[in-house]
Structure formats: C-alpha cells, structure tokens
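Structural features, examined
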Amino acid sequence: MDTSLPSATSSIADRLCAVRRSMHAAALAAGRDPAEVTLVAVSKFHPLQSVQEALAAGQCVFGENRVQEATAKFPLLRAANPDLRLHLIGGLQTNKARDAVRIADMIESLDRPALVDAIARAADAQGRLPDLLVEVNTGDEPQKFGVPKEEADAFIRLCQKRFGPSLRGLMCIPPAEQNPVPHFQLLRSMAQTHGLPVLSMGMSADFEQAIAHGATLVRVGSAIFGPRPALA
C-alpha cells in the first residue's frame, strides 16, 4: 500500500486527495467498505481560508478543539455549505456547553458527569442535541482528557441512559509514544460491549491502522492542512 502523502508545500486539495486514497486502500486491505469510514478534517488553529479550500475540494466534515475558534469560523460557512458538519474534538469546559450544543453536529469529548449535566441542560434550553461520543483515556494519562478505563463502562451506561441514541460511540487518543493498536482494539471492544456503532480513532500518523481495527471516523489534521501555524 502506498501511504506516501504530499509535502506541506502541496495544496490542501492535493493532500486531501492523498489522504482519501490512503483511507480507501486501508479499508480495502482490511476487508471493509471504504464508505464506512468518514474523514474528519481537523482544522484547529488553521484559518478560515484553509477550511474554504478544503470545502472547495469536497471535504464537508471538520473537527475543531476550541468552541470559541469554531464559533468564529463555521457559522459563516453553513449557509453556503449545507452539507458541512462540525465536530468538537477537544476537552470541553462545562461553561462552554451551551455554545457547543448550539454550533456542533457532534461532540466527541464526553468524559465526566458534570459535562453530561451541562450538555443536557443546554440541549433542553436550546431544543437540539448534537450526536455525542464518550472520550476514553485508553492510556490512563493524567495530563489528558477522557474518562479513565476503569470508569468507562459505568460512564458509558450513564450517557446511554441520559442521551439515548444520541450517544453514538467512543473516541480515543492513544499515548504518542505507544503502539496505538492495543488502544484501538480496546476501544472497539468497549463499543461492541455497549452496542455503539461509531469509533473515532486514528490521526495523521496512524489512521490506516485505526481503519484496520474498526474506525468509522478518522481525525486527520496536519496531513491535510500542513503544520500548525506558528502563533497557535
């Protein structure tokens, strides 16, 4: 499988095309339908112009870490791009829950009961509830967001009871220095235990491995948009 990607000097359209080719090949190699895997283009810290370039190249699903940054970019684009979908993928403060519920199509970072309560209140107030994922800290890293592994099953059940079918699945970010495969396998096993169809796992360096182990969403940033801007 040719997994080479264009350099950072290539256009966003070229890099998107290369990522899509690699995703397609990885799915076929795993005996999966490539249509089962959605690309989330992670545009955090990149300007509105970069998102517009990706939209022009046919990308419609984007990921942002910060509610404030997402609010500045995406409402301006929705009217002209009705298929656009916004995923919030970063750790979410409870005081940002109202804005998150208002602008996101999916929130991928449920990880504690206080956030569950805040999102539920915001959804009641605004009359809409995005799709939701539980973020599992599969490496139990103290510096990272995500529910600890030993608490994950109980927390997933809590979210299913509170949100019903809007709780769609699970997300993880494996430790950077470890083989990601055991983390992908763990997340897939948890999802199967709870009957959840969505697995958000895999980033620029490991999305092909994630696809091989069941990812339905892959979050790719630098391989599409290039290096993070210096001021971010």
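See above for the structure.
A few points on the structure. These numbers come from a predicted model, not from an experiment. (Residues numbered from 1 in each chain as written. Predicted model: local features only at pLDDT ≥ 70, side-chain atom pairs only at ≥ 80, totals over all residues. Heavy atoms only, no water.)

**Considerations on the overall build of the protein**
Worth spelling out the cut-off: Note on conventions: DSSP H or I runs of at least 4 residues are helices, E runs of at least 2 residues are strands, and numbering of each starts at the N terminus. We compute the radius of gyration from the C-alpha atoms alone; for a globule the expected value is 2.2 Å times N to the 0.38, where N is the number of residues. When a residue's accessible area, from a 1.4 Å probe over protein chains only, is under 20% of the maximum for its type it is buried; when over 50% it is exposed; and in between it is partly exposed. Here the Shrake-Rupley method, with its probe set to 1.4 Å, supplies the accessible areas, and only the displayed protein chains count as covering residues.
When you go through the protein residue by residue, the secondary structure sums to ten helices and nine strands. Relative to its length of 232 residues, the protein is compact, with a C-alpha radius of gyration of 17 Å against a globular reference of 17 Å. Seen through its principal axes, the protein has C-alpha atoms that stretch 45 × 40 × 30 Å. For the protein, buried positions account for 49% of its 232 residues. As presented, the protein carries roughly 10,600 Å² of accessible surface, and 51% of it is formed by carbon and sulfur atoms.

**Looking at the pattern of salt bridges**
Let me state the cut-off plainly: The salt bridge criterion pairs a side-chain nitrogen of Lys or Arg with a carboxyl oxygen of Asp or Glu, the two atoms within 4 Å.
In the structure shown here, the tally under the stated rule is nine salt bridges. Between Asp117 and Arg162 there is a salt bridge; the shortest N-O distance is 2.7 Å. With a gap of 45 residues between them, Asp117 in helix α6 (residues 113-126) and Arg162 in helix α7 (residues 149-163) connect regions that are remote in the sequence. Residue classification places Asp117 among the partly exposed residues on the basis of a relative accessible area of 29%.

**Points about the layout of surface pockets**
Cut-off, in case you're wondering: For each structure, a 1 Å grid was placed over the protein atoms alone; sets of points admitting a 1.4 Å probe that cannot get out are labelled cavities, open sets with protein on both sides within 12 Å along at least five of seven lines are labelled pockets, and lining residues have an atom within 4 Å of a point. Grid points are joined across faces, edges and corners, and a volume is the space filled by probe spheres set on the points. For this scheme, ten residues count as nonpolar: Ala, Val, Leu, Ile, Met, Phe, Trp, Tyr, Cys and Pro. Four count as charged, namely Asp, Glu, Lys and Arg, and the remainder, Gly too, count as polar.
In this model, the largest pocket occupies a volume close to 810 Å³. For the largest pocket, the lining is made up of 30 residues, of which Lys44, Asn65, Ile173, Met203 and Arg228 are closest to its centre. For the lining of the largest pocket, the per-class residue count stands at twelve nonpolar, eleven polar and seven charged. Space inside the second largest pocket adds up to approximately 160 Å³. Along its surface, the second largest pocket is lined by Asn65, Arg66, Val67, Gln68, Gly91, Leu92, Gln93, Lys96 and Phe145.

**Details of the packing of aromatic side chains**
Note the cut-off: Side-chain rings of Phe, Tyr and Trp (the six-membered ring for Trp) are treated as a pair once their centres are within 6.5 Å; stacked means planes under 30 degrees apart, edge-to-face means over 60, and tilted covers the remaining angles.
Tallied over the entire structure, the rule returns one aromatic pair. Both rings, one in Phe62 and one in Phe74, keep their centres 5.8 Å apart while their planes meet at 50 degrees; by these two values the pair is tilted. Residue Phe62 is found in strand β2 (residues 61-64), and its partner Phe74 is found in the loop between α3 (67-73) and α4 (75-78); the two are separated by twelve residues along the sequence. Of the two residues, Phe62 and Phe74, neither departs from the other in class, the shared state being buried.

**Examining helix α1 (residues 12-29)**
Heads up, the condition is: An expected span of 1.5 Å times one less than the residue number is assigned to each helix. An arc is given here, and it is the one of the directions from the helix axis to the C-beta atoms. Contact between two residues is taken to exist if any of their heavy atoms lie within 4.5 Å; hydrogens are not considered.
Counted at 1.5 Å a residue, the expected span for α1 with its 18 residues is 26 Å, and the 26 Å between its end C-alpha atoms agrees. Among the residues of α1, Ile12, Arg15, Leu16, Ala18, Val19, Ser22, Met23, Ala26 and Ala27 are the ones counted as buried. Each buried residue of α1 lies within a common arc of 165 degrees when the element is viewed along its axis, so the set occupies one face. Away from the buried face of α1 by more than 90 degrees, exposed residues Arg21, Leu28 and Ala29 are located. Contact partners of the buried residues in α1: β1 (38-42), α2 (48-56), α9 (207-212), β9 (217-220) and α10 (222-225). Following α1 by one or two positions, Gly31 has its phi on the positive side, about 75 degrees.

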